[in-house]
2 protein chains.
Amino acid sequence: MRRFVILGRHASASGDFLLDDLPGTSGRLDVLVRCVRAALLVSHGVRRDAIVYLVLGGGAGAPRVLRVEGSAARYLRPDERSLATLFKKALATSPKGAAESFAEARPGVAVASGGVERVLADVGRAQLVLLETEGADVRGQPALDAPDVALFVGDHTGFDAAARSRLLDLGACCTSVGPLALHAEDAVVVATNELDRREAARRA
Amino acid sequence: MRRFVILGRHASASGDFLLDDLPGTSGRLDVLVRCVRAALLVSHGVRRDAIVYLVLGGGAGAPRVLRVEGSAARYLRPDERSLATLFKKALATSPKGAAESFAEARPGVAVASGGVERVLADVGRAQLVLLETEGADVRGQPALDAPDVALFVGDHTGFDAAARSRLLDLGACCTSVGPLALHAEDAVVVATNELDRREAARRA
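The text that follows walks through the structure, step by step, so that each part is easy to find. (Residues numbered from 1 in each chain as written. Chains lettered and ligands numbered in written order. Predicted model: local features only at pLDDT ≥ 70, side-chain atom pairs only at ≥ 80, totals over all residues. Heavy atoms only, no water.)

Overview of the sheet that holds strand β10 (residues 173–176) of chain A
Residues and elements named next belong to chain A. With mixed pairing, the eight strands of this open sheet are ordered in space as β6-β7-β5-β4-β1-β9-β8-β10. Both outer strands of the open sheet, β6 (103–106) and β10, are each paired with one neighbouring strand and no more. Direction aside, the axes of adjacent strands within the sheet are offset by 30° on average. Direction of pairing for strand β8 (residues 127–137) relative to strand β9 (residues 149–154): parallel, over a ladder of four bridges. For V129, the partnering residue across the bridge sits in β9 and is L151. Seen against the sheet, helix α2 (residues 29–40) touches β1 (2–12), β4 (50–58) and β5 (64–69) and runs at an angle of roughly 175° to β4. Contacts between helix α6 (residues 184–203) and the sheet are confined to β1, β8 and β9, with β1 contributing the most and set at about 175° to the helix. (Pairing = 2+ DSSP bridges. Helix = DSSP H or I, 4+ residues; strand = E, 2+ residues; numbered from the N terminus. Axes fitted to C-alpha atoms, helices over the stretch in contact; angles between N-to-C directions. Contact = heavy atoms within 4.5 Å.)

Structure (structure tokens):
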């Protein structure tokens, strides 16, 4: 299983944003929405072996986590507005505050209260990996050979120090996707490509 | 210089589409818009060494080509709606039919009539590369070492046979970004990452 955890420091946890101005009203949920497409969708299909967690740190009810499972999600469309609409409905209809475990709001889309700790409880013993510009190259990174891997990606403002420190304490390793600082969604694409290549090599 | 040419077989050449339903009304211009972000934007910046051509094969006035130059473009935002708004205005205000060379409609954004031939006339002697699932692996592909490279990417329906045949006749080589068929924008990201790595290696 491959899991991507996108940390949206100011991304709206309430669903209270405008679809006509996603970047301006959602705490840049648009970045996270693009990460979901990048992690879950291939040409004419969904990656059933991938799960995305969006950690929503902004607005009323924060923090909350929105989880999208490729194996169970239905009607995932690739464009930002369609995905944002799906997540807006899921956030608006899910109970706020009390939900300490993930409650499914739409097929394959679940919401829980809490932040990084909620994700850590859900990923179990997955190998933790931070995607950062300073880490060792993702090509050849041994940690990505783990059968269950959870890759953490910061939004446009990067990781907050407390979350980063917590993940390192838990044994997370740092890896880089290339020589330039990329958008979060592009980091997801490059890491996914590396995972695809390793899986294909194992099968061959 | 790196150039990406995205072939949108049914993408709207007129700008006559709804921003609230881009996938449903624009001939999937949403795919092409995401390719522009992937090719031109990095974290907090624009790639000044990249140019994107969108070949728009659908609707009134087709075919037309919309060209975005990283070195000259201003106010490029990463979200689909903002980019689609920019392109809608550029297409609507540019002369239709008569424009046989690129006319700038917005800073760094130019429109011309014509299809693949218009692009070929503009890219000069750039090395032509087709991104396809069946080609040799992009990692280690010698063609990507050319100082000026033009990478052609199909939309969600792939290349049309005539365009593919024409490019192969001109000496284009085929290359693959990995073991799975990806969205066009993800193919752009993986190829861009390979180009970034080679450039960093040359500089080191």
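Description of the packing of aromatic side chains
All names here are of chain A. For the coordinates displayed, the defined rule picks out two aromatic pairs over all chains. With a centroid separation of 6.2 Å and an interplanar angle of 55°, the aromatic rings of Y53 and F102 are classed as tilted. In this pair, Y53 is assigned in strand β4 and F102 in the loop between α3 (80–93) and β6, connecting sequence segments 49 residues apart. Using a relative accessible area of 0% as the deciding quantity, one classes Y53 as buried. Lying across the ring of F102, R67 places its NZ or CZ 4.4 Å from the centre. (Phe/Tyr/Trp six-rings, centres within 6.5 Å; stacked < 30°, edge-to-face > 60°. Buried < 20%, exposed > 50% of the residue type's maximum accessible area, 1.4 Å probe, protein only. Lys NZ or Arg CZ within 6 Å of the ring centre and 35° of its normal.)

Quick word on the relation of the copies chain A and chain B
With an RMSD of 0.0 Å, the operation that places chain A on chain B is a rotation of 180° combined with a shift of 0.0 Å along the axis. Each copy turns onto its partner about a two-fold axis. By C-alpha distance to the rotation axis, the residue of chain A lying nearest is V190 of chain A, at 3.0 Å. Residue by residue, 100% of the interface of chain A is reproduced at the interface of chain B, so both copies engage with the same surface. (Least-squares fit on C-alpha atoms with pLDDT ≥ 70 in both.)

A look at the pattern of salt bridges
This model, assessed by the stated rule, comprises 46 salt bridges over all chains. By sharing partners, the salt bridges in this structure join R28, D30, R34, E80, E185 and D186 of chain A together with R37 of chain B into a single network. (Salt bridge = Lys/Arg side-chain N within 4 Å of Asp/Glu carboxyl O.)

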